[in-house]
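Okay, here's what each chain looks like letter by letter:
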Amino acid sequence: MAWIRKKNPKVKWLHCIIHRQALASKRMNAHLHETLNEAVKVINFIKARPLNSRMFKLLCQEMGSEHQHLLLHTEVRWLSRGKILNRLFELRQEVRIFLLEQKSVFSSLFENQDWVCRLAYLADIFDKLNDLNLSMQGFRTDELSLNSKMCAFIKKLEFWLKKVQRNSVSVFPTLDKFADDSEIDNLNTICDCIREHLTKLRDELVSYFPSIMNQDRTQDWIQNPFVEDVTSSSGLSDKVTENLIELASDCALELKFQNVTVSQFWLEVKGKYKELSEIAMSALLPFGSTYLCEVSFSAMSLIKTKYRNRLSVQNDLIIAVSDIEPRFDNILAKKQPQVSH
């Protein structure tokens, strides 16, 4: 990093936002952590043994279940927790019957209302975390938009905390439906556990994203230069601020802003508002996550297998990860067809 700074003193770096969100989501209290581990053990008991897996499938078919298989948990895949817990909760009756038939000690878990409530909550909260994770993935993302999504999620956490403090779990649909159907008496205990986890999750996210909570509004004009009073907190010099006022008053540019992406807009106005465009692009250009790297690695692992380990993948990789469609007509027109003899 010292060598890079020597070459470019203005260089900036950041930790992948998606990775930070995944790290912050790992922390949970002892009860929920134990519930998650026990859920994984139940799944492994059925899925890791082919005979158990086949017998469970037959049981699900006999009971007319919508799903016939459980999903395996993989620690490397961040989205797997929500999916496996949702599937386990959906098949909880089938799993309980199967474990009873197998005389497994895990069968008692599904007869414990508190444990099933914690399982339902985990399915809900990881489903929300999965939605956040997926919303931050994509080709055209930037640090500003990803930070906005994280800020919105933290505010949602605070809203959920207020609901749970009033012993309401309506924001967690799976748990809410189970609580209504089962007429749970000790919902206060479950709410205490949820409140502790939500508080810890919020604190972890704030510690990983301290700049979000500082409410720095100096770059709001980049995402939308046409909002009212955008210059009051722009942090720009007087001359550049005057240019921003002039731009924000241009109705034609406002119409253009509504029909193109933020990056395209600032590139198109560079000729007339060079300083504004350069400041905006310096904030929009840095990658907010390693999503593009992960996509490239995944594409390369599919293209360059052990059967094609000497293949030069540069051109194939560009086509695989690019969202620009090749002009096949032009490419084929430059090739000579090989006619049969």
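Each value, and the rule that gives it
- Residues numbered from 1 in each chain as written.
- Predicted model: local features only at pLDDT ≥ 70, side-chain atom pairs only at ≥ 80, totals over all residues.
- Heavy atoms only, no water.
- Helix = DSSP H or I, 4+ residues; strand = E, 2+ residues; numbered from the N terminus.
- Rg over C-alpha atoms; globule rule 2.2 N^0.38 Å.
- Buried < 20%, exposed > 50% of the residue type's maximum accessible area, 1.4 Å probe, protein only.
- Contact = heavy atoms within 4.5 Å.
- Areas by Shrake-Rupley, 256 points an atom, 1.4 Å probe, with all protein chains shown as cover.
- Core = buried A, V, L, I, M, F, W, Y, C linked by side-chain atoms within 4.5 Å.
- UniProt positions renumbered as here; feature names shortened; annotations may be inferred.
- Salt bridge = Lys/Arg side-chain N within 4 Å of Asp/Glu carboxyl O.
- Axes fitted to C-alpha atoms, helices over the stretch in contact; angles between N-to-C directions.
- Parallel < 35°, antiparallel > 145°, perpendicular 65-115°, else oblique.
- Nonpolar A, V, L, I, M, F, W, Y, C, P; charged D, E, K, R; others polar.
- Polar contact = N/O pair within 3.5 Å; in protein donor to acceptor, adjacent residues only side chain to side chain.
- Left-handed = near helix turned anticlockwise from the far one by under 90°.
- 1 Å grid on protein atoms, 1.4 Å probe; cavity = no way out; pocket = protein on both sides within 12 Å on 5 of 7 lines; lining within 4 Å.
- Points joined across faces, edges and corners; volume = space filled by probe spheres on them.
- Phe/Tyr/Trp six-rings, centres within 6.5 Å; stacked < 30°, edge-to-face > 60°.
- Lys NZ or Arg CZ within 6 Å of the ring centre and 35° of its normal.

Here we look at the overall build of the protein
- For the protein, the count of helices and strands is 19 helices and 0 strands.
- For 341 residues, the compact-globule estimate of 2.2 N^0.38 gives 20 Å, and the protein exceeds it by more than 25% at 26 Å.
- Dimensions along the principal axes, computed over C-alpha positions, put the protein at roughly 75 × 75 × 45 Å.
- Per-residue burial over the protein gives 38% buried out of 341 residues.
- Within the protein, contacts between residues separated by at least 24 positions form 66% of all contacts whose residues are at least 6 apart in sequence.
- Put simply, the protein shows about 21,100 Å² of open surface, and 52% of that area lies on carbon and sulfur atoms.

Describing the nonpolar core
- If you look at the biggest cluster of nonpolar residues, it comprises 67 residues, and the most contacted ones within it are Val95, Phe172 and Leu198.
- Leave out the neighbours within four places in its chain, and Val95 touches Val42, Ile46, Phe56, Leu70, Leu88 and Phe110.
- Judged by nonpolar contacts, the second largest core, of 19 residues, contains Leu244, Leu247, Trp266 and Ala280.

Comments concerning the UniProt feature "domain: HAT C-terminal dimerisation" (unreviewed entry) in the protein
- UniProt marks residues 259-316 with the feature "domain: HAT C-terminal dimerisation" (unreviewed entry), using the numbering shown here.
- Note that residues 259-316 is 59% helix and 0% strand, and that its end C-alpha atoms are spaced 32 Å apart.

Points about the pattern of salt bridges
- According to the stated counting rule, one finds 5 salt bridges in the structure shown.
- The salt bridge involving Arg27 is made with Glu204; its shortest N-O contact spans 3.4 Å. Here Arg27 is found in the loop between helix H2 (17-24) and helix H3 (30-47), whereas its partner Glu204 is found in helix H10 (residues 187-208), with 177 residues between them in sequence.
- According to the relative accessible area criterion, Glu204 is buried, its value standing at 16%.

Examining the packing of H3 against helix H7 (residues 113-135)
- Contact pair H3 / H7: the axes reach a minimum separation of 10 Å and the direction vectors enclose 90°. If you check the angle between H3 and H7, you find them roughly perpendicular. Residues His31, Leu32, Thr35, Leu36, Glu38 and Ala39 of H3 pack against Trp115, Arg118, Leu119, Tyr121 and Leu122 of H7.
- Taken together, the residues that form the contact of H3 with H7 break down as 7 nonpolar, 2 polar and 2 charged.

Focus on the side chain of Thr174
- Assignment of secondary structure puts Thr174 in helix H9 (residues 173-182).
- The buried category is assigned to Thr174, whose relative accessible area is 19%.
- Within the local environment of Thr174, its side chain forms a polar contact with the side chain of Asp124, the two groups lying 2.8 Å apart.
- Those residues within four positions of Thr174 in sequence are excluded, and the remaining contacts are Asn86, Phe89, Ala120 and Asp124.

Things to note about the packing of H7 against helix H8 (residues 143-165)
- At a minimum axis distance of 10 Å, the contact between H7 and H8 shows a crossing angle of 165°. Classified by the angle between their axes, H7 and H8 sit roughly antiparallel to one another. Considering only the axes of H7 and H8, their crossing is right-handed. Judged by residue contacts, Ile125, Lys128, Leu129, Leu132 and Ser135 of H7 engage Lys149, Met150, Phe153 and Trp160 from H8.
- The residue inventory of the contact of H7 with H8, partitioned by class, reads 6 nonpolar, 1 polar and 2 charged.

Things to note about the layout of surface pockets
- Of the voids in this model, the largest pocket is the one considered here, and its volume is about 680 Å³.
- Broken down by secondary-structure element, the contributors of at least two residues to the lining of the largest pocket are helix H15 (262-268), helix H16 (274-284) and helix H17 (291-303).
- Class assignment of the residues belonging to the lining of the largest pocket gives a composition of 12 nonpolar, 10 polar and 3 charged.

As for the packing of aromatic side chains
- Under the defined criterion, the tally for this structure stands at 13 aromatic pairs.
- Ring plane angle 85° and centroid distance 5.1 Å describe the contact between Tyr121 and Phe172, whose orientation is recorded as edge-to-face. Taken together, the residues span a long stretch of sequence, with Tyr121 in helix H7 and Phe172 in the loop between H8 and H9 at a distance of 51 residues. Here Tyr121 matches Phe172 in class, with each residue buried.
- Both rings, one in Trp221 and one in Trp266, keep their centres 5.4 Å apart while their planes meet at 90°; by these two values the pair is edge-to-face. With a gap of 45 residues between them, Trp221 in helix H12 (residues 220-223) and Trp266 in helix H15 connect regions that are remote in the sequence. A single burial state applies to Trp221 and to Trp266, both of which are buried.
- Among the aromatic residues, those joined into a cluster by ring pairs are Trp221, Phe226, Phe257, Phe265 and Trp266.
- Above the plane of the ring of Phe89 lies Arg92, whose end atom (NZ or CZ) is 4.1 Å from the centre.

What to know about the environment of Leu88
- In this fold, Leu88 is placed in helix H5 (residues 80-90).
- For Leu88, the residues in contact, after removing those within four places along its chain, are Ala39, Val42, Ile43, Leu70, Val95, Phe110 and Leu119.

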